[in-house]
Structure formats: C-alpha cells, structure tokens
Amino acid sequence: SNSKLKKQIITPLYNNDKLVLPQLCIFSLEIIKKDKKISIDKTKRLIRFNNDKITLSENLYIPNGFVLQGQPGLKVNLINGASIISNSPLWFDGSPQTPIIINSEDYSGGGIYISSKNKKSRFSYVKFHKLTYPDKSLSGLTASITVYNTSVDFNHCFFSKNRSEDFLNIFRSNFIIRNSNFSDIFSDAFDSDFSKGDVINTNFKNIGNDALDFSGSLAKLKDIIISGVGDKGLSAGEKSTINVNNLLVQKSEIGIT
C-alpha cells in the first residue's frame with residue numbers, strides 16, 4: 001500500500017533540545033525513478049543527476065540505502081521553495097577548476113537536510129550560495145544546511161549570502177570543516193548542537209550574528225580567522241568543550257563568550 005512508501009522525518013528544534021514532527025514525506029524510489037533529471041544505479045546504490053545544470057522546482061527526497069552523487073561542474077539551482085532532503089549521504093566532489101555550485105539564483109529555493117546513520121556525507125570544492133531553508137512551517141528547520149545524526153566532511157567549501165537563522169547547523173553529528181570560507185552570512189554562520197568535530201583553516205567574514213556557536217559540543221579549532229561579526233566571534237555554552245589553537249577575531253561586537 002502507499003503507506004509503506006511514507007516515512008516520518010524527525011528533525012531537531014535545537015534551541016531546547018526537543019524534537020518536532022513535521023510533514024509526512026514520501027521517500028519512494030519509484031517516485032524519483034520518474035524524474036528525468038535523475039538516474040539510479042541499483043547495483044552501486046548511486047543516484048546521480050543526468051545533466052551538469054539542474055533546476056529543482058520541488059523537493060527532492062532521497063531514500064535510505066543510496067548515495068546522492070554530484071560530479072565536478074554540477075550546478076543545482078533551487079527555486080519555488082525546493083530543497084534536497086536526504087536519508088542517504090551526499091557525495092559532492094568538485095575540483096578547483098570545476099567546483100560544484102548549489103544555489104538559489106533568486107533566493108526562492110530552500111536548503112539541504114541530511115540524515116544518514118550508516119555513511120558519511122562529503123563535500124569538496126562546493127559553493128553554497130543564496131540558500132534559504134526547507135519549508136519551516138512543515139519541517140521545523142531554520143538552517144540553510146542541516147546535518148542530523150550522521151557524519152559530514154566539508155573541504156574547500158564556500159558558504160555565502162544566505163537568508164536563514166543559521167547557514168550550517170550540525171546536530172548530534174560528527175563533522176570536519178577545513179580549508180573553507182563563510183562570507184556575507186545573514187545571521188549565524190556555523191551552529192553546532194550536541195556534536196563533535198574539528199574546524200581547521202577556515203575563515204569567517206561579514207557575519208550578521210555569531211560566526212561559531214557551540215551548544216553541548218566537543219570541538220577543536222585551529223587556524224581560524226574571524227572578521228566583521230555582528231555579535232560573537234566564538235560562542236560556547238551548555239557544557240561545550242572547545243580546544244582552540246591560533247584564533248584571530250577582529251572587527252566583532254564580542255570576541256569570545
């Protein structure tokens with residue numbers, strides 16, 4: 001029956017560590033098979049985009065047990081509130097010459113939600129630009145990119161010009177952010193809730209609110225430059241333990257709290 005194709009996403013309402021129950025979303029392989037923008041390799045358990053330039057005008061739901069793969073030079077434009085919502089990892093590997101771009105050219109698109117317990121997501125040479133967030137009234141999500149209950153690696157990634165409460169929210173997950181840049185961020189750049197990871201050789205510039213915000217987290221920071229922050233350069237609370245090596249905070253309302 002159709003009920004077998006439906007799965008309830010549970011996503012965090014991070015500010016009080018409770019969970020919210022949003023919409024009943026359809027994670028069906030049969031449904032995405034009908035999408036001509038997508039190809040599925042059942043043997044390798046890979047889902048790929050068929051073209052280098054893709055426009056998504058409605059949510060793309062990726063079921064568990066696969067990998068959504070992005071190739072160098074891929075450009076995904078989110079419009080009409082569309083988001084990528086995945087219970088499988090994303091492997092988006094660009095290159096210095098041909099980065100991957102995930103954006104919403106007119107700010108009408110949504111964002112990205114990833115929850116995959118079994119495999120790590122990875123992003124290398126990816127530019128995230130002009131994202132907002134998945135439909136807040138249905139998902140409870142407030143970040144442009146939400147990573148929940150999984151592991152993720154961002155390497156040589158660029159985050160810029162979003163419209164959301166956080167650009168990147170890591171919740172109950174393991175993470176590495178390295179060799180990356182956050183710039184022209186609407187509110188918080190990076191928010192870690194009850195997570196563990198490293199931020200290495202990463203710059204934050206022109207941040208509307210907090211650059212780095214940790215709650216109940218364990219993290220190591222190394223070679224971090226923060227410049228032009230509306231609130232706090234580094235905020236750590238709720239029993240967080242943060243090990244910092246070589247941090248520069250300048251032109252910020254508050255340096256460290």
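So, a few notes on the structure that sits alongside this text. (Residues numbered from 1 in each chain as written. Predicted model: local features only at pLDDT ≥ 70, side-chain atom pairs only at ≥ 80, totals over all residues. Heavy atoms only, no water.)

### Thoughts on the overall build of the protein chain
Put simply, the rule is: Put simply, DSSP H or I for four residues or longer makes a helix, DSSP E for two residues or longer makes a strand, and each gets a number counted from the N terminus. Here a residue-residue contact requires only that any non-hydrogen atoms of the pair lie within 4.5 Å. Only the protein chains shown count as cover for residues, and all accessible areas are computed by the Shrake-Rupley method using a 1.4 Å probe.
Counting its secondary structure elements, the protein chain contains two helices and 27 strands. Contacts in the protein chain between residues far apart in sequence, at least 24 positions, make up 42% of those at least 6 positions apart. Summed over its atoms, the accessible surface of the protein chain is roughly 11800 Å², and 47% of this surface lies on carbon and sulfur atoms.

### Thoughts on the packing of aromatic side chains
What counts here: Ring pairs are drawn from Phe, Tyr and Trp, using the six-membered ring of Trp, whenever the two centres fall within 6.5 Å, and their geometry is named by plane angle: stacked under 30 degrees, edge-to-face over 60, tilted for the rest. Lysine NZ or arginine CZ positioned within 6 Å of the ring centre and within 35 degrees of the ring normal marks a charge as sitting over the ring.
Applying the stated criterion across every chain, the model contains 13 aromatic pairs. Note on Phe175 and Phe190: the rings are 5.3 Å apart at their centroids and 65° apart in plane angle, and the pair reads as edge-to-face. Pair noted here: Phe175 is in strand S21 (residues 174-178) and Phe190 is in strand S23 (residues 188-193), with a separation of 15 residues, a long-range link. One aromatic cluster is present, formed by Phe92, Phe123, Phe128, Phe154, Phe159, Phe167, Phe182 and Phe204 through successive ring pairs. Sitting over the ring of Tyr107, Arg163 keeps its end group 3.6 Å from the ring centre.

### A word on the pattern of salt bridges
Two side chains carrying opposite charge are able to pair once their charged atoms lie near each other. Going by this rule: Salt-bridge detection follows one rule: a side-chain nitrogen of Lys or Arg within 4 Å of a carboxyl oxygen of Asp or Glu. The buried label applies to any residue whose accessible area, calculated with a 1.4 Å probe on protein chains only, is under 20% of its type's maximum; exposed applies above 50%, and partly exposed to all values in between.
This model, assessed by the stated rule, comprises five salt bridges. When the shortest N-O distance is used, the salt bridge between Glu105 and Lys75 registers 3.3 Å. Highlighted residues: Glu105 in the loop between strand S13 (100-103) and strand S14 (112-114) and Lys75 in strand S10 (residues 75-78), separated in sequence by 30 residues. Its relative accessible area of 45% is what places Glu105 among the partly exposed residues. In this structure, Lys232 and Asp231 form a salt bridge, with 2.9 Å as the shortest nitrogen-oxygen distance. In the salt-bridge network here, residues are joined through shared partners; they are Asp210, Asp231 and Lys232.

### Examining the environment of Lys251
Examined against the element boundaries, Lys251 turns out to sit in strand S27 (residues 241-256). On the basis of relative accessibility, which here comes to 72%, the residue Lys251 falls in the exposed class. Sequence separation between Lys251 and Gly233 is 18 residues; the distance between their C-alpha atoms is 9.3 Å. Discounting chain neighbours no more than four positions away, the residues touching Lys251 are Ser227, Gly228 and Val229.

### Side note on the pairing of strand S24 (residues 196-207)
On a regular strand, one side chain projects to one face of the sheet and the next to the other, so that they alternate. What counts is decided by this rule: By the convention used here, strands pair only if DSSP detects at least 2 bridges between them.
Pairing of S21 with S24 involves five bridges; the strand directions are parallel. Across the sheet, residue Ile177 finds its bridge partner in S24, namely Val199. In terms of strand pairing, strand S22 (residues 181-185) meets S24 through four bridges, oriented parallel. Pairing of Phe182 across the sheet is with Phe204, part of S24.

### Section: unusual backbone geometry
Although it is not a glycine, Asn80 adopts a positive phi angle of roughly 55°. Take Asn80: it is sitting in the loop between S10 and strand S11 (84-86). The backbone phi angle of Asp184 is positive, close to 55°, even though this residue is not glycine. Within the secondary structure layout, Asp184 lies in strand S22.

### Topic: the side chain of Thr132
As for its placement among the helices and strands, Thr132 is situated in the loop between strand S16 (126-129) and helix H2 (136-139). Assessed through its relative accessible area of 11%, Thr132 is described here as buried. Every residue in contact with Thr132, bar those within four places of it in the chain, is listed here: Tyr107, Gly109, Gly110, Ala143, Ser144, Arg163 and Ser164.

### Remarks on the pairing of strand S18 (residues 151-155)
In terms of burial, S18 is largely enclosed, as four of its five residues are buried. The pairing of strand S15 (residues 121-124) with S18 spans four bridges and is classified as parallel. Across the sheet, the residue bridging to Arg122 is Asp153, located in S18. Inspection of the sheet shows S18 paired to S21 by five bridges, in the parallel sense. Residue Asp153 lies in a different strand from S21, and its bridge partner there is Ile176.

Keep in mind that these numbers describe shape and distance, not what the molecule does.
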